[in-house]
There are 2 protein chains.
Amino acid sequence: MACGEFSLIARYFDRVRNPRRDVEAGIGDDCALLNVPEKQTLAISTDTLVAGNHFLADIDPADLAYKALAVNLSDLAAMGADPVWLTLALTLPEVDEAWLEAFSDSLFELLGYYDMQLIGGDTTRGPLAMTLGIHGYVPAGRALKRAGAKPGDWIYVTGTPGDSAAGLAILLNQLQVVDAKDAEYLRKRHLRPTPRILQGQALRDLASAAIDLSDGLIADLGHIVKASGCGARVDVNALPRSAALSRHVAPEQALRLALSGGEDYELCFTVPELNRGALDVAIGQLGVPFTCIGQMSADVDGVSFIRDGETVTFDWKGYDHFAAP
Amino acid sequence: MACGEFSLIARYFDRVRNPRRDVEAGIGDDCALLNVPEKQTLAISTDTLVAGNHFLADIDPADLAYKALAVNLSDLAAMGADPVWLTLALTLPEVDEAWLEAFSDSLFELLGYYDMQLIGGDTTRGPLAMTLGIHGYVPAGRALKRAGAKPGDWIYVTGTPGDSAAGLAILLNQLQVVDAKDAEYLRKRHLRPTPRILQGQALRDLASAAIDLSDGLIADLGHIVKASGCGARVDVNALPRSAALSRHVAPEQALRLALSGGEDYELCFTVPELNRGALDVAIGQLGVPFTCIGQMSADVDGVSFIRDGETVTFDWKGYDHFAAP
């Protein structure tokens, strides 16, 4: 049977188990038609993943679908948004039905978890790549932004940054972790990061600024610093580290992974002194550790690091697709 | 100077000449924030263009940007929508500043023409490709859909389908057109198709169904037929043909280009008998020819063709990226 573009799309991606009420028309016309509820602001983000650049070419398609969506969800989390719709533009070198089935099953599982609907997209032939457009709602005026941090605000991170980069190193055979459980934990932090959607929503009225950690703490906290026009001082001794990372990676290397490894998809956010008590209640009950790692400061330029009371500098940078290697 | 991902985006794509009032935050945070006006339904479409597949690898970047946006605008036109925002995910093999300047200048020129704003995107390294996400408004309940055509409704097309495919044939040196003006006209219909935005809006309360011609009349009218559950009878003698096409392409070949050449980005729509008078007024004043080419019918399956009163069949198909060549 010739498998044309249209039947391919229809077969794997035209599934709607629980149609959303805000979707008037989904896949199947020239455009999707959507009705945004009153007093909700729409948050939109776009991410492209290219084989060999953003993911290993031999990645399990189920992991790929999960991660592609999770990475986009993380952008919504950083704004405090509630996910609603996805568009998926998928470029494939060939029609591989087993691959498509595994990919789409995994995608729809995660979409279902977040009560999201796939509302459209495109399927084209070419080198393996995909672009996801994700849409979410934030109550009007309550979105978290990168700008807004003030001197004196406390800097927090969720989870334990560095785990994802260690997981990648294991997958690339650059790091040997003999303990199977630790290795699995670290690999999973790389392949199946958890978007901090609930945390983002809980931060809506508490955080003064927020971002998700995609490129490492140096680069991403740097974005808050730049947008807010205010420096940041981070105590590297305070950086949270998972037990698995501590057991298998030397301290200096673990620090490098946390600061510049990227792909943790944890949240980094700032909280005024006045909101710290409310923060402990709001985000504390969600079961994911969150740690105060420093303070915004008018006295420093950019992101400054302190260890044992002394200023230290690192020449590690965030991941940049177009930087010279 | 090292040109990183972020400075690259900032330099060429972070331009806002006339910010839209519905854009609360555009480029520069984890998500864009948008406020949809009351009683407007959001129309969203996504299109991917891959080098060597959707465009010639040596295409002028200004033409590429124009066409990438025009093709997406055409999807909005087919719904009767008014364009508002664009997201652009651009994958580039290298940083070529002259290319980026020409591409972005052309993109912003067309965005400005339609009072649209670029609200986000992504820039990644990889084989040249791009995915555009386009957003528009339609007054609630007034969107044009593919479903809705009824037996007896008249079938129309705007413009002169086939010109774009002839223009492509010229660019590929598969068609020789000695008259320079005609050659330029046909090339331009391929490289710079006009999205029929105004026509789509004028059709909102008049057409029973609509689609844009991206894959050729056979395939695209076929989508209306399938969605509406009603056959279509097209009189091939009634198909409009440009003077340039008539002069340089034999009639049977011209017919093939019109029916299966694709990339015309004209509108094909159906109109109930009762609305034909209003149609002539509403769309007639917009300066683009529109032609009645047939009628929806309960007596035929799919799309049926008539020539000189006799039924004829064609085995040409619409363009399909995944069909066997």
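Per-chain numbering applies: the sequence of each chain, read as written, is numbered from 1 onward. Whichever chain is written first is A, and whichever ligand is written first is 1; the rest continue in order. Where local features are concerned, this predicted model is filtered to residues with pLDDT of at least 70; where side-chain atom pairs are given and counted, the filter is 80 or more; whole-chain, interface and lining totals use all residues. No hydrogens and no water enter the side-chain calculation; it runs on all heavy atoms of the structure.

1. Some remarks on the overall build of chain A
Working step 1: Helices and strands together make up the secondary structure of chain A, namely 10 helices and 13 strands.
Working step 2: For 325 residues, the compact-globule estimate of 2.2 N^0.38 gives 20 Å, and chain A sits close to it at 20 Å.
Working step 3: Dimensions along the principal axes, computed over C-alpha positions, put chain A at roughly 70 × 50 × 35 Å.
Working step 4: Throughout, exposure labels follow a simple rule: accessible area from a 1.4 Å probe, protein chains only, divided by the maximum for the residue type, with under 20% read as buried, over 50% as exposed, and the rest as partly exposed. Within the span of chain A, comprising 325 residues, buried residues form 59% of the whole.
Working step 5: Whether two residues are in contact is decided by their heavy atoms, any of which lying within 4.5 Å being enough. Of the contacts made within chain A by residues no fewer than 6 positions apart, 86% connect residues no fewer than 24 positions apart. Secondary structure elements follow DSSP: runs of H or I of four or more residues count as helices, runs of E of two or more count as strands, with numbering from the N terminus. We compute the radius of gyration from the C-alpha atoms alone; for a globule the expected value is 2.2 Å times N to the 0.38, where N is the number of residues.

2. Things to note about the relation of the copies chain B and chain A
Working step 1: A least-squares fit on C-alpha atoms brings the copies together, and the residues used are those whose pLDDT is at least 70 in both copies. With an RMSD of 0.0 Å, the fit of chain B onto chain A corresponds to turning through 180° and sliding 0.0 Å along the axis. Each copy turns onto its partner about a two-fold axis.

3. Details of the UniProt feature "domain: PurM-like C-terminal" (unreviewed entry) in chain A
Working step 1: Under the UniProt annotation, "domain: PurM-like C-terminal" (unreviewed entry) lies at residues 150-301 of chain A.
Working step 2: Each end of residues 150-301 of chain A is marked by a C-alpha atom, and these two atoms are 13 Å apart; helix forms 42% of the span and strand 18%. UniProt positions are given in the numbering used here, feature names are shortened, and annotations may be inferred rather than shown by experiment.

4. As for the domain arrangement of chain A
Residues and elements named next belong to chain A.
Working step 1: Marked domain ranges trace back to an automatic or database domain assignment. Domain annotation of chain A identifies domain 1 (5-139) and domain 2 (154-312).
Working step 2: For domain 1 versus domain 2, the distance between C-alpha centres works out to 27 Å.
Working step 3: Counting each side, the surface lost to burial between domain 1 and domain 2 is near 1,700 Å², with a carbon and sulfur contribution of 58%.
Working step 4: Salt-bridge contacts for Glu-263 lead to Lys-67; the nearest nitrogen and oxygen are separated by 2.7 Å.
Working step 5: Two N or O atoms form a polar contact when they lie within 3.5 Å of each other; inside protein one atom must be a possible hydrogen donor and the other a possible acceptor, and for residues adjacent in sequence the pair counts only when both atoms belong to side chains. Where domain 1 touches domain 2, the interface holds 7 residue pairs in polar contact (both at pLDDT 80 or more).
Working step 6: Elements with a contribution of two residues or more to the side of domain 1 that touches domain 2: helix H2 (61-79), strand E4 (82-92) and strand E6 (129-139).
Working step 7: Broken down by element, the residue count for the side of domain 1 that touches domain 2 peaks at 12 residues, all from H2.
Working step 8: Residue type decides the class: Asp, Glu, Lys and Arg count as charged, Ala, Val, Leu, Ile, Met, Phe, Trp, Tyr, Cys and Pro as nonpolar, and the leftover types, Gly among them, as polar. Looking at the side of domain 1 that touches domain 2 residue by residue, the classes come out as 16 nonpolar, 3 polar and 4 charged. Computed with a 1.4 Å rolling probe, the buried area is the accessible surface lost when two parts are put together, summed over both parts. The rule for a salt bridge is simple: a side-chain nitrogen of Lys or Arg has to be within 4 Å of a carboxyl oxygen of Asp or Glu.

5. What to know about the packing of helix H4 (residues 163-171) of chain A against helix H5 (residues 180-191) of chain A
All names here are of chain A.
Working step 1: Angles here are taken between N-to-C directions and fall from 0 to 180 degrees, while the axes themselves are lines fitted to C-alpha atoms, restricted in helices to the stretch in contact. Direction vectors running N to C along H4 and H5 enclose 105°, while the axes themselves pass 7 Å from each other. Considered as vectors, H4 and H5 are oriented roughly perpendicular to each other. Taken together, the residues of H5 that come into contact with H4 (itself represented by Asp-163, Ser-164, Ala-166, Gly-167, Leu-168, Ile-170 and Leu-171) are Ala-183, Tyr-185, Leu-186, Arg-187, Arg-189, His-190 and Leu-191. Roughly parallel here means an angle under 35 degrees, roughly antiparallel means over 145, roughly perpendicular means 65 to 115, and every remaining angle is called oblique.

6. Focus on the sheet that holds E4(A)
Working step 1: Only when DSSP finds a minimum of two bridges between them are two strands counted as paired. The strand order E5(A)-E4(A)-E6(A)-E3(A)-E2(B)-E1(B) describes an open sheet built from 6 strands, whose pairing is mixed. Every other strand in the sheet has two partners, leaving strand E5 (117-125) of chain A together with strand E1 (23-25) of chain B as the edge strands with one partner each. Each strand of the sheet is rotated relative to its neighbour by a mean of 20°, with strand direction disregarded.
Working step 2: Examined bridge by bridge, strand E3 (residues 40-50) of chain A and strand E2 (residues 32-34) of chain B share 3 bridges and lie antiparallel to one another. By the bridge assignment for E2(B), Ile44(A) is matched with Ala32(B).
Working step 3: Across the sheet, H2(A) touches E3, E4 and E6 of chain A together with E2 of chain B, and the angle it forms with E6(A) is around 35°.
Working step 4: Against the sheet, helix H3 (residues 97-113) of chain A touches E4, E5 and E6 of chain A, its axis set at about 170° to E4(A).

7. A short note on the environment of Val178(A)
Working step 1: Tracing the sequence through the fold places Val178(A) in the loop between H4 and H5.
Working step 2: Since its relative accessible area comes to 81%, Val178(A) is described here as exposed.

8. Describing the interface of chain B and chain A
Working step 1: Contact residues are listed per partner, giving 61 residues for chain B and 61 residues for chain A.
Working step 2: When the two sides are added together, the surface that chain B and chain A hide from each other amounts to roughly 5,000 Å², 57% of it contributed by carbon and sulfur.
Working step 3: For the pair chain B and chain A, the number of links is 6 salt bridges.
Working step 4: The salt bridge partner of Glu24(B) is Lys145(A), with a shortest N-O separation of 3.5 Å.
Working step 5: Remark: the boundary between chain B and chain A carries 19 residue pairs in polar contact (both at pLDDT 80 or more).
Working step 6: Those elements that place two or more of their residues in the side of chain B that touches chain A are helix H1 (5-13), E2, strand E3 (40-50), helix H2 (61-79), strand E4 (82-92), strand E5 (117-125), strand E6 (129-139) and strand E8 (209-212) of chain B.

9. Overview of H5(A)
Residue and element names in this part refer to chain A.
Working step 1: In a helix, the anticipated span is given by 1.5 Å times the number of residues less one. In this model, H5 (12 residues) spans 16 Å end to end at C-alpha, consistent with the 16 Å of a helix rising 1.5 Å per residue.
Working step 2: Of all the residues in H5, the buried ones are Asp-182, Ala-183, Leu-186, Arg-189, His-190 and Leu-191.
Working step 3: If you follow the buried residues of H5, they end up packed against H2, H4 and helix H8 (243-248).

10. Focus on helix H10 (residues 276-284) of chain A
Residue and element names in this part refer to chain A.
Working step 1: Within the span of H10, buried status applies to Leu-279, Ala-282 and Ile-283. Projection of H10 onto a plane perpendicular to its axis shows the buried side chains occupying an angular sector of 80°, all on one side.
Working step 2: Buried-residue contacts for H10 involve strand E7 (154-158), helix H6 (197-202), strand E10 (267-271) and strand E11 (290-297). Of all possible arcs, the one meant is that of the directions from the helix axis to the C-beta atoms.

11. Some details on the pairing of E11(A)
All names here are of chain A.
Working step 1: With 5 bridges joining them, E7 and E11 adopt antiparallel strand pairing. The residue bridging Trp-154 from the neighbouring strand is Gln-295, located in E11.
Working step 2: Note that strand E9 (residues 231-235) and E11 share 4 bridges and pair antiparallel. If you follow Ala-232 over to E11, its bridge partner there is Met-296.

12. Remarks on the sheet that holds strand E10 (residues 267-271) of chain B
Residue and element names in this part refer to chain B.
Working step 1: Across the sheet, which stays open at both edges, the 7 strands sit in the order E8-E10-E7-E11-E9-E12-E13 with mixed pairing between neighbours. The open sheet terminates on both sides in strands that have one partner only, identified here as E8 and strand E13 (310-312). Averaged over neighbouring strand pairs, the angle between their axes works out to 30° when direction is ignored.
Working step 2: Judged from the 4 bridges that link them, strand E7 (residues 154-158) and E10 form a sheet pairing that is antiparallel. Along E10, the bridge assignment pairs Trp-154 with Val-271.

13. Describing the pattern of salt bridges
Working step 1: Scanning all chains against the criterion turns up 32 salt bridges over all chains.
Working step 2: With a shortest N-O distance of 2.8 Å, Arg196(A) and Glu266(A) are connected by a salt bridge. Separated by 70 residues along the polypeptide, Arg196(A) in the loop between H5 and H6 and Glu266(A) in the loop between helix H9 (251-260) and E10 bring together distant segments of the chain.
Working step 3: The exposure class of Glu266(A) is buried, given its relative accessible area of 3%.
Working step 4: The residue Glu97(B) makes a salt bridge to Arg11(B) at a minimum N-O spacing of 2.7 Å. Taken as a pair, Glu97(B) in helix H3 (residues 97-113) and Arg11(B) in helix H1 lie far apart in primary sequence, 86 residues in all.
Working step 5: Members of the salt-bridge network, linked through shared partners, are Arg20(A), Asp22(A) and Asp115(A).

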